[in-house]
Amino acid sequence: MTFVLLAEQVLNGLQFGVMLFLMAAGLTLIFGVMGLINLAHGSLYMVGAFAAAATAAATGSFLLALAASLAAAAAAGALMELMVIRRLYARDHLDQVLATFALILIFSEGTRWLFGSFPLYLDIPDALSGPISLPFGIDYPRYRLAIIGIGLVVAFAMYLLITRTRIGIQIRAGEEDREMIAALGVDISKLYTIVFALGAALAGFAGALIGAIQSVQVGMGEPVLILAFVVIVIGGIGSVKGALVGSILVGLTDTLGRALLPVAFATFMEPSAATSLGASLASMAIYILMAAVLILRPRGLYGAA
Amino acid sequence: MTLKTLIGAAALTALATVAQADVKVGMITTLSGGGAGLGMDVRDGFMLALKQSGRDDIEVIIEDDQRKPDVAVQIADRMIQAEDVDVLTGIIWSNLAMAVVPSATAQGKFYLSPNAGPSALAGKGCHPLYFNVAWQNDNLHEAAGAYANSAGYANSFILAPNYPAGQDALTGYKRFYEGDLAGEIYTKLGQTDYAAEIAQIRASGADSVFFFLPGGMGISFLKQYADAGVDIPVVGPAFSFDQGILQAVGDAALGVVNTSQWSKDLDNPTNAAFVESFEAEYGRLPSLYASQGFDTANLLISAVAAADVSDAAAFQAALEAANFDSTRGDFAFGPNHHPIQDIYVREVIKEGEIYTNKVIGIGLEDHADAYAAECQM
């Protein structure tokens, strides 16, 4: 394995991690502030991707498509919170899981009803297509590099929002003690709607960004949702910083595992067995990572004690 | 179940109450979730053939298996025990077929497969009542291997998902391909990001890439492959290039060579009429899955016309005769009830605004599967 290949794989891992962060940040905020397990978070990712694909097909503009994904997912999230989620805060987690699972089915079949069963087309903008030459002779797709940049900007913006703004103070207070900040006169139901819409918008944004290099189809959100849950468990539930660290860890582990494990096994096994064993072990790698983190820190890396 | 199916089912039930059907067909197929496009194409092709035949003695009950083996088994049990169907059909996925077919045929029901063709059902597990109208799973991959030889490729990089059909795919390719392997990767089933694999392909020095990544996996792979700027030619089976997903891949698929037993532009009157009537009926171009559904129904109709389904031996003989006009032109069953047919090499082109395939040659002529010899009926 050459240095160039390894460097490229590290970039790939970083890009994957940054993408997961956009999903996990919303999920962990919603869980941290409202104590709600939202299985339908993946549906918001799908809503964002479909909104972007439909807008791009109608207008041809990728920027408008991104704006549409933010707006559509935030609107879908706010509506979801007002109509369904609001009734679930006081219920136990099993009720929340059941209700939000129902939402997954409703969103999936609703999307199929609107857009049909066949995948939609969403392409990356011309300005970002093709590879770019980096130092040390690395050729890397421009678009993936842009995703890394955008993800890090969003992470920094989230940091500013949470540490420097009034709403950030309310969010942090909400995580600490829900009853108390309600007693202090903060309109808690409005705060919940805002946080939910914010998390939804991030998920939708991720869906649109990723939709351009993957397939925009019904059910695209669920595999990502599972990984996002792994991320927030590793990072510590409720911690945005934990979500960032967890996402990058998961992204790197998954990508490097896929690239390196089969090669590592091939040094002492016959190639075909190494390929299949390496592939099987690579697909378990992030769960092994999660188990290891939980053994050392049962509440995750940055979880509240 | 979608509204359309509901209406369709309701209309069929209404139809059935008017004319008492002689042959009852249970169709178990995937109509919701990620793989729904495939099931809908099979269903629509099947129903189109029935409609064109004008027969009112064949009743079809359609159920959605949600791509879940347990659901498919439940539906099959209900159809066999409560609805007393004569013939089962419709399953898309090999793992579902393995869960349903052996028990259905053991209970004396005919099964006509419009898609899945796992090797286990073609070799030792073959059955007199089981017919595959599409292909044995390995077939299209074998043709891809044969094409790679003729194109002069000598150093292929091959990848497929890590599940039985994925392993069959790489086995099938290697059975015919004579060159060296630059690399061999099993990806996760349902994986959507292929950056790590594409980096390895770029670094491997391969002169060709063979991949089997059906549905959404193929869309993701092709888009990312094109974006990474790797210019090694790609070969694959038709599953990643069918009419339903090509529009979602876009330019990234242009010029890619793929293998299929059917193509929209196959020059025979049955196919021309099928493509035209399918487009008129459903407002979209047919895929290979639709052609398989259409052929399955026409095979059934030909058998119903020749024999009574209650006489199993006669009905089996009528099916074996395969006395119908296939959209593929020549069509015959081998001794294990799997097709002997030409596998074509196609290239993705753009016709106006629509991405579609054009036949550029024959990969394997009158090709039968490798498992027929193991089948003892």
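Quick notes on the rules
Residues numbered from 1 in each chain as written. Chains lettered and ligands numbered in written order. Predicted model: local features only at pLDDT ≥ 70, side-chain atom pairs only at ≥ 80, totals over all residues. Contact = placed C-beta atoms within 7 Å. Helix = DSSP H or I, 4+ residues; strand = E, 2+ residues; numbered from the N terminus. Buried ≥ 20, exposed ≤ 12 C-beta atoms within 10 Å, placed from the backbone. Domains from an automatic or database assignment. Nonpolar A, V, L, I, M, F, W, Y, C, P; charged D, E, K, R; others polar. Axes fitted to C-alpha atoms, helices over the stretch in contact; angles between N-to-C directions. Parallel < 35°, antiparallel > 145°, perpendicular 65-115°, else oblique. Left-handed = near helix turned anticlockwise from the far one by under 90°. Pairing = 2+ DSSP bridges. Right-handed = clockwise from strand over helix to strand, strands pointing away.

J.: Is there a simple way to think about the interface of chain A and chain B in this case?
T.: Of the residues lining the interface, 40 residues belong to chain A; the matching set on chain B comes to 33 residues. Elements supplying a minimum of two residues to the side of chain A that touches chain B: α1 (3-34), α4 (93-115), β2 (138-141), α5 (142-164), α10 (240-266) and α11 (271-296) of chain A.

J.: It is not clear to me how unusual backbone geometry should be interpreted in this structure. Could you clarify?
T.: With glycine set apart, most residues show a phi of negative sign, and most peptide bonds adopt trans. Residue and element names in this part refer to chain B. For Gln66, which is not glycine, the phi torsion reads 55° and is therefore positive. Relative to the helices and strands, Gln66 is located in the loop between β2 (58-64) and α3 (69-81). Since 18 C-beta atoms lie within 10 Å of it, Gln66 is described here as partly exposed. At His337, a residue that is not glycine, the phi angle is positive and equals roughly 65°.

J.: Would you mind showing me how to read the domain arrangement of chain B here?
T.: Where interface size is given, it is often the accessible area lost as the parts come together that is meant. Residue and element names in this part refer to chain B. Along its sequence, chain B is carved into domain 1 (3-135 + 267-333) and domain 2 (139-260 + 343-374). Taking only C-alpha atoms, the centre of domain 1 and the centre of domain 2 are 27 Å apart. At the junction of the two partners, domain 1 supplies 16 residues and domain 2 supplies 16 residues. Elements with a contribution of two residues or more to the side of domain 1 that touches domain 2: α2 (36-53), α5 (119-122) and α12 (288-306). Looking at the side of domain 1 that touches domain 2, its residues break down into 7 nonpolar, 7 polar and 2 charged.

J.: How should the packing of helix α9 (residues 221-235) of chain A against α11 of chain A be read in this particular structure?
T.: A pair of packed helices can be characterised by two numbers: the angle between their axes and the separation between those axes. Residue and element names in this part refer to chain A. At a minimum axis separation of 9 Å, α9 and α11 run at an interaxial angle of 25°. Put simply, α9 runs roughly parallel to α11. Note on packing geometry: the crossing formed by α9 with α11 is left-handed. On α11, the residues touching Val230, Val233 and Ile234 of α9 are Ile286, Leu289, Met290 and Val293. Here the residues of the contact of α9 with α11 sort into 7 nonpolar, no polar and no charged.

J.: Honestly, the environment of Ala322 of chain B in this entry has me stumped. Any pointers?
T.: Residues and elements named next belong to chain B. In this fold, Ala322 is placed in the loop between α13 (312-321) and β11 (332-333). You can call Ala322 buried: it has 20 C-beta atoms within 10 Å. Ignoring sequence-local partners within four residues, the contact set of Ala322 consists of Leu299, Phe331, Ala332 and Phe333.

J.: What exactly am I supposed to notice about the pairing of strand β10 (residues 257-260) of chain B here?
T.: Within a regular beta strand, the side chains point alternately toward one face of the sheet and then the other, so they alternate between its two faces. All names here are of chain B. Neither face of β10 is open: one carries Val257 and Thr259, the other Asn258 and Ser260, and all of them are buried. One ladder, built from 3 bridges, connects strand β9 (residues 234-237) with β10; its direction is parallel. In the strand pairing of β10, Pro237 is matched with Thr259. Chirality of the crossover, the property in question, places the unit of β9, helix α10 (residues 243-249) and β10 among those that are right-handed. Inspection of the sheet shows β10 paired to strand β12 (residues 339-351) by 4 bridges, in the antiparallel sense. Residue pairing in the sheet places Ser260 in a bridge with Tyr344 of β12.

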